[in-house]
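Observations on the model geometry
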Amino acid sequence: MKIAFITPAADIRRTFSYRLADKFYGPRHPMTGPLILGSILNSSGHNVVVYEELFKDINFRKVEEADLIGINIMTSTAGRGYEIADFIKRKTNKRIIIGGIHASVLPQEALEHSDQVIVGEAESVIKDVVEGKCKEEIVYAPAVDNLDEVPFPNYSLLKSPYNAINIMTSRGCPYHCTFCTTTRMFSPYRRRSSENVIKELKIHKKRGLKYLCIQDDNFTADKERAKEILDKMIFNRLIFKETFFYARMDMFDDPELIGLLQKANFRRVFIGIESLNQQSLKYVNKKQTLTNIEQMRDQLHKYKFKLIASFVIGLDYDDIDDIQRMVRFSKEINAYQMQPQILTPYVGTPIYDQLEAEGRILTKDWKKYDMMHVVFQPRNMTARTLKNEFFNSLSTFHSFRAPWNDFKNLGWMDGMKKMVFCVVIKFGATIGSIRFLARA
Ligand code: B12
Ligand code: SF4
């Protein structure tokens, strides 16, 4: 059977300017889900292609050649996914299956736009569903027990451009922050063996890709296992031009781990600081304190990490001062990027349940659930102020002076990249703010 998987992209991300900025900025990598499912189906004799709308417009004439179309949706892309599904159905009446993190929490909604929906990790059921042996409209798939048994994502199926590899060495995270969706989708926390990870990395290295993105929600959750993987990467010379990963700030508690991360060129790290307000940290169950944050600040200057400092803004205990403190702190620690994320209550999380019960959800237009729109009523400020502070914080952090320290600390290339990035973000934040105020 001919099968096409599509991962749709949000409207803003399909614009020419966004794609251009993405191209310049660095690693562009796909979601691994469809590449893994494609790999399973391909080995069963099906003819599979995978499209990522993020990187290039999809040629729907080609998609229509398939007998079955699989669509992968997260919340902010659900609307676009449904548009695509309805369009293909109207035009060709082809079979459509929807899956992914959003379909897994709202399967009935996804079923309005498809023939079948798979809830959860689809590896164990995809073949039976595609081959018509599993006929339920909503199929509940169990979490994969042994991740080492999952086939590697097959990048040769991908028909969209990319320049980086996305690899997941674990699924889920042992923590349970109240706003986090992945710990609910990928539960319980599971790990691949280091041998299995190295086997996959060797294949990617041979293919000559320069960028590696470790997309585990928390790569250093199990520090001993992370060290084992890093050790083996160094031993096998599996070093990439730049490796990106997500971690918690407690990674700085382990000097041996930091040493190995540096040696393996794991340079770009995304850390969820979330808030500089102790009450807010407790409210989101982050299990980290202001003292931990100060300890990280004192460690950071010793190492050459390109830190993406991520914060959730608009939490119930935060006020405007906290947002402004975030900008000052990000500058103080010389964050390579400051990423304020407007609190987004995803369905299925405790934060969503709380805000829904309090009647504070302002819209269920999923396209706005992208961490850049205010979709709930904040407690200590208006929705308008929160949105404005989001733009202001981006504009203030990305000042024209911001890259100078990076030239000094990280070198010419990263300094230049940061400079262009600052111009783009400052410009984007200014335009965004003007458009928002004009509409309000
Ligand atoms: C890689 C990634 C990206 C990449 C690439 C995305 C792309 N190409 O569209 C980048 C960095 C660009 C990105 C961007 C964004 N992302 Co993102 N991303 C991820 C990340 C880290 C890994 C995805 C992955 O490979 N997962 C591993 C595989 C195994 O899981 P999977 O792909 O979901 O597949 C499984 C199931 O979903 C299912 N399945 C998947 N596809 C299909 C298809 C069918 C037909 C079926 C039946 C089943 C099925 O089976 C698969 C195997 O088990 C996830 C976090 C995570 N842990 O998943 C966040 C995540 C998906 N992203 C998220 C968000 C919010 C965003 C942004 C909105 C961020 C922003 N502020 O702009 C944007 C939106 C981009 C867009 N497309 O418009 C959230 C989504 C939350 C939600 N509930 O919707 C997540 C969960 C991160 C988080 N911690 O909150 N992202
Ligand atoms: S530490 Fe990160 S990945 Fe883990 S639950 Fe919290 S936000 Fe989610």
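Structure: above.
Scope of this entry: the structure provided in the associated data block. Just so you know, the residues in each chain are numbered from 1, in the order the chain's sequence is written. Think of it this way: whatever chain is written first is A, whatever ligand is written first is 1, and the rest follow in order. Only residues with pLDDT of at least 70 are given local features in this predicted model, and only at 80 or more are side-chain atom pairs given and counted; all residues enter the totals for whole chains, interfaces and linings.

Helical segments are the DSSP runs of H or I of at least four residues, strand segments are the runs of E of at least two, and each set is numbered from the N terminus. Scanning the protein for helices and strands turns up 18 helices and 14 strands. Rg of the C-alpha trace for the protein: 22 Å, near the compact-globule value of 22 Å for 440 residues, within the 12% margin. Each principal axis of the C-alpha atoms in the protein carries an extent, and together these give about 55 × 55 × 35 Å. We call a residue exposed when 12 or fewer other C-beta atoms sit within 10 Å of its C-beta, buried when the count reaches 20 or more, and partly exposed for counts in between; the C-beta positions come from the backbone. Burial analysis of the protein (440 residues in total) assigns 42% to the buried set. A pair of residues counts as a contact when their C-beta atoms, built from backbone coordinates, are within 7 Å of each other. A fraction of 73% describes how many contacts in the protein between residues 6 or more apart in sequence connect residues 24 or more apart. Each radius of gyration is computed over the set of C-alpha atoms, and the globule rule expresses the reference value as 2.2 Å times the number of residues to the power 0.38.

In this section: the sheet that holds strand 13 (residues 306-313). If you walk across this open sheet you meet the six strands as 7-10-11-12-13-14, and the pairing is parallel. The sheet is open, and its two edges are formed by strand 7 (164-167) and strand 14 (337-342), each paired on a single side. Neighbouring strand axes in the sheet, compared pairwise and without regard to direction, differ in orientation by 20° on average. Where helix 16 (residues 383-397) meets the sheet, its contacts fall on strand 13 and strand 14, and the angle it forms with strand 14 comes to roughly 175°. DSSP-based pairing: two strands are paired if at least 2 bridges between them are found. Fitted lines through C-alpha atoms serve as axes, helices being fitted only where they are in contact, and the angles separating the N-to-C directions of these axes extend from 0 to 180 degrees.

Here we come to the site of ligand 1. Here, nearness is defined through the C-beta atom: a residue counts as near a molecule or strand if that backbone-placed atom lies within 6 Å of it. Surveying the vicinity of ligand 1 reveals 42 residues, the closest of which are Gly33, Gly70, Asn72, Gly99 and Glu121. Looking at the shell around ligand 1, the elements with two or more residues in it are helix 2 (33-43), strand 3 (68-72), helix 4 (75-92), strand 4 (95-99) and helix 5 (101-105). Per-element accounting of the shell around ligand 1 gives the leading share, four residues, to helix 2.

Here we come to the sheet that holds strand 4. Read from one edge of the open sheet, six strands run 2-1-3-4-5-6, paired in parallel fashion. Each edge of the sheet is formed by a strand with only one pairing partner; in this case those strands are strand 2 (47-52) and strand 6 (138-140). If you compare each strand with its neighbour and ignore which way they point, the axes differ by 20° on average. Where strand 5 (residues 116-119) and strand 6 come together, three bridges link them in parallel fashion. Looking at the pairing, valine 117 lines up with isoleucine 138 of strand 6. This element, helix 2, spans strand 1 (2-7), strand 2 and strand 3 of the sheet and lies at about 170° to strand 2.

The environment of ligand 2 is formed by Cys173, Tyr175, His176, Cys177, Cys180, Thr182, Thr183, Asp217, Asn218, Arg248 and Gly272. For the shell around ligand 2, the per-class residue count stands at four nonpolar, five polar and two charged. Any residue that is not Ala, Val, Leu, Ile, Met, Phe, Trp, Tyr, Cys, Pro, Asp, Glu, Lys or Arg is counted as polar, Gly included; the first ten are nonpolar and the last four charged.

What follows is about the nonpolar core. Across soluble globular proteins, nonpolar side chains have a tendency to be buried as a group. Only buried residues count toward a nonpolar core: Ala, Val, Leu, Ile, Met, Phe, Trp, Tyr and Cys, linked into one set through C-beta atoms within 7 Å. Counting residues in each nonpolar core, the largest one holds 107 residues, and the members touching the most others are Ala4, Ile69 and Ile98. Each residue touching isoleucine 98, except ones within four places of it in the same chain, is listed here: Ile71, Ile73, Gly81, Ala85, Ala103, Ala110, His113, Ser114 and Val117.

Sheet topology places strand 13 next to strand 14; six bridges connect them, and they run parallel. When the sheet's bridge partners are listed, isoleucine 308 is paired in strand 14 with glutamine 337. Here a crossover is taken to be right-handed if, once the strands point away from the viewer, the path from the first strand over the helix to the second is traced clockwise. Read from strand 13 through helix 14 (residues 320-332) to strand 14, the crossover connection turns out right-handed.

In this section: helix 16. Take the number of residues in a helix, subtract one, and multiply by 1.5 Å to get its expected span. The terminal C-alpha atoms of helix 16 lie 21 Å apart, and with 15 residues this matches the ideal 21 Å at 1.5 Å per residue to within 8%. Within the sequence span of helix 16, burial applies to Leu386, Lys387, Glu389, Phe390, Phe391, Ser393, Leu394 and Phe397.

In this section: the environment of isoleucine 333. Relative to the helices and strands, isoleucine 333 resides in the loop between helix 14 and strand 14. On a C-alpha basis, the gap between isoleucine 333 and lysine 232 in space is 31 Å, while along the polypeptide they are 101 residues apart. Among all residues touching isoleucine 333, those that are not within four sequence positions of it are Arg297, Leu300, Leu307 and Ala309.

Let's shift gears to unusual backbone geometry. Each neighbour pair has its own omega, and for serine 187 with proline 188 the value is 0°, a cis peptide bond. Of note, asparagine 93 is a non-glycine position whose phi angle comes to about 55°, a positive value. With respect to the helices and strands, the residue asparagine 93 is situated in the loop between helix 4 and strand 4. Judged by local crowding, asparagine 93 falls into the exposed class, with 8 C-beta atoms found within 10 Å. Even without a glycine there, the phi angle at asparagine 265 is positive, about 65°.

Another point: the environment of lysine 331. Inspection of the secondary structure puts lysine 331 in helix 14. In this structure, the C-alpha to C-alpha distance between lysine 331 and threonine 396, residues 65 residues apart in sequence, is 9.8 Å.

Of the two faces of strand 7, the one lined by Ala164 and Asn166 and the one lined by Ile165 and Ile167 are each fully buried. Looking at chain direction, strand 7 and strand 10 (residues 211-214) are connected through four bridges and run parallel. Along strand 10, the bridge assignment pairs asparagine 166 with cysteine 213.

Packing of helix 14 against helix 16 leaves a shortest axis separation of 10 Å and a crossing angle of 15°. Our classification of the angle between helix 14 and helix 16 gives roughly parallel. By crossing handedness, the relation of helix 14 to helix 16 is classed as right-handed. Side by side, helix 14 and helix 16 meet where Ile320, Ile323, Met326, Val327, Ser330 and Lys331 of the first sit next to Thr385, Glu389, Ser393, Thr396 and Phe397 of the second. Within the contact of helix 14 with helix 16, the residues separate by chemical class into five nonpolar, four polar and two charged. The cut-offs work like this: below 35 degrees is roughly parallel, past 145 is roughly antiparallel, 65 to 115 is roughly perpendicular, and the gaps in between are oblique. Here is the rule for handedness: rotate from the far helix to the near one, and if that takes an anticlockwise turn smaller than a right angle the crossing is left-handed, while a clockwise turn gives right-handed.

Another aspect to go through is the environment of leucine 111. Structurally, the position occupied by leucine 111 is in helix 6 (residues 107-111). Distance from leucine 111 to glycine 45, taken between C-alpha atoms, is 27 Å for residues 66 residues apart in sequence. Once you skip the residues sitting within four places of it in the chain, leucine 111 turns out to touch Val117, Glu137 and Ile138.

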